[in-house]
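Coordinates in review
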Amino acid sequence: MASPTRHASKPAFFPPGVTDFFRRRTIEVLGLALAVLGLAVIVALASYHAVDPSFNTAVPGDAHNLLGRAGAWTADFMMQSLGIAAWFMGAVIMAWGWRIGTHRSMGRWWLRITALPATALLIALAFAGVGAPADWPLKAGLGGFSGDMMMAALIETASPIVTIGPGWFGAVAGFLGLIAFGTALGLEREEWRRIVWG
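As the structure is a computational prediction, the values presented were derived from the model and not from experiment. (Residues numbered from 1 in each chain as written. Predicted model: local features only at pLDDT ≥ 70, side-chain atom pairs only at ≥ 80, totals over all residues. Heavy atoms only, no water.)

1. So, the pattern of salt bridges
Note that side chains of opposite charge can pair when their charged atoms are close. The full count for this structure, using the stated rule, is 2 salt bridges. The shortest N-O distance in the salt bridge between D20 and R23 comes to 2.9 Å. Separated by 3 residues within a single helix, D20 and R23 lie in helix α1 (residues 16-46), roughly one turn from each other. (Salt bridge = Lys/Arg side-chain N within 4 Å of Asp/Glu carboxyl O. Helix = DSSP H or I, 4+ residues; strand = E, 2+ residues; numbered from the N terminus.)

In structure tokens, the structure reads:
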């Protein structure tokens, strides 16, 4: 006959209340870190200077970017590759941090993660369909070199069948990109209602 003590559960190292407290604080810290990362991306992009030191620009002196050389390198890489679409990346990361830190459900997290690169590429393609202003500081267009490459590939592929200007491709990509952006944010219907209607 088995001893009754053999099946007795071992006492928890911490009381349930303490364990739950530390779990919640850990989630909040992770959410805060993610939100700060998203904010850092936006600050780096907002203080972007094309003449700052970067992967393809070697200049003496300090960077003008508010986050120093790290911010200058990050902003240059994101602007060169994605253009204005880089701002959407920072916004999504901040939204994730807010949701996680305030213990709001991310829902289908795998869908949010998948929608993030889709947002970046579709929005980059959308801006590639818009002509860059004369004072645009980059050789690539408003959608970065990713947007330019995708737009050129689309036009070349479609040209034997039908002649479509970049504006039409950009409009479709923009519509799909906004859907992907909304999906990546992970906001619930009630939260969208508050944003739209106040």
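2. As for the packing of helix α2 (residues 68-82) against helix α5 (residues 144-158)
The contact between α2 and α5 brings their axes to 2 Å, and the two run at 15 degrees. In terms of orientation, α2 and α5 fall into the roughly parallel class. Between α2, through M79, Q80, S81 and L82, and α5, the contact on the second element is made entirely by G144, F145, S146 and G147. Partitioned by chemical class, the residues of the contact of α2 with α5 number 3 nonpolar, 5 polar and no charged. (Axes fitted to C-alpha atoms, helices over the stretch in contact; angles between N-to-C directions. Parallel < 35°, antiparallel > 145°, perpendicular 65-115°, else oblique. Contact = heavy atoms within 4.5 Å. Nonpolar A, V, L, I, M, F, W, Y, C, P; charged D, E, K, R; others polar.)

3. Considerations on the nonpolar core
L45, M78, M79, L82, M89, V92 and L185 are the most contacted members of the largest nonpolar core, which has 28 residues in total. Sorting the residues of this core by element identifies α1, α2, α3 (85-101), α4 (109-128) and α6 (166-185) as the ones contributing at least two each. Filtering out sequence-adjacent residues up to four positions away, L45 remains in contact with A75, M78, M79, A86 and W87. By size, the runner-up hydrophobic cluster in this structure holds 7 residues, among which are L125, A126, M151 and F169. (Core = buried A, V, L, I, M, F, W, Y, C linked by side-chain atoms within 4.5 Å. Buried < 20%, exposed > 50% of the residue type's maximum accessible area, 1.4 Å probe, protein only.)

4. Focus on unusual backbone geometry
The phi dihedral of H103 is positive, around 60 degrees, even though this residue is not glycine. One can find H103 in the loop between α3 and α4.

5. Some remarks on a nonpolar patch on the surface
On the surface, a cluster of nonpolar side chains totalling about 390 Å² of accessible area is made up of V172, F175, L176 and I179. When you line up the elements, I179 lands in helix α6. (Patch = residues over 30% accessible without salt bridge, like charges linked within 9 Å, V, L, I, M, F, W, Y side chains within 5 Å. Areas by Shrake-Rupley, 256 points an atom, 1.4 Å probe, with all protein chains shown as cover.)

6. Considerations on the environment of V51
Relative to the assigned elements, V51 resides in the loop between α1 and α2. By relative accessible area, V51 is classed as exposed at 55%. Put simply, V51 and A33 are 18 residues apart on the chain and 29 Å apart in space, counted from C-alpha to C-alpha. Leaving out residues up to four positions away in the same chain, V51 has contacts with T57, V59 and H64.

7. Digging into α3
Spanning 17 residues, α3 covers 25 Å between terminal C-alpha atoms, matching the ideal 24 Å at 1.5 Å per step. Most of α3 sits out of view: 12 of its 17 residues are buried. Looking only at α3, the buried set comprises A85, A86, F88, M89, G90, V92, I93, A95, W96, G97, R99 and G101. H103 sits one or two residues past α3 and shows a positive phi near 60 degrees. (Expected span 1.5 Å × (residues − 1).)

8. Some remarks on the side chain of S81
With respect to the secondary-structure elements, S81 resides in helix α2. Here the side chain of S81 touches M78 through a polar contact of 3.3 Å, landing on its backbone oxygen. (Polar contact = N/O pair within 3.5 Å; in protein donor to acceptor, adjacent residues only side chain to side chain.)

9. Concerning the packing of aromatic side chains
Within the structure shown, the criterion is met by 2 aromatic pairs. Here F21 and F22 contribute two aromatic rings whose centre-to-centre distance is 5.6 Å and whose plane-to-plane angle is 80 degrees, an arrangement assigned as edge-to-face. On the numbers, 5.0 Å between centres and 80 degrees between planes, the contact of F88 with F181 is edge-to-face. With F88 in helix α3 and F181 in helix α6, this pair connects stretches of sequence that are 93 residues apart. As far as the burial class goes, F88 and F181 line up, both buried. (Phe/Tyr/Trp six-rings, centres within 6.5 Å; stacked < 30°, edge-to-face > 60°.)

10. Thoughts on the packing of α3 against α6
α6 packs onto α3 with a crossing angle of 25 degrees between their chain directions and a minimal axis gap of 9 Å. By the angle between their axes, α3 is roughly parallel relative to α6. Of the residues in α6, those in contact with F88, A91, V92, A95, W96 and R99 of α3 are F181, A184 and L185.

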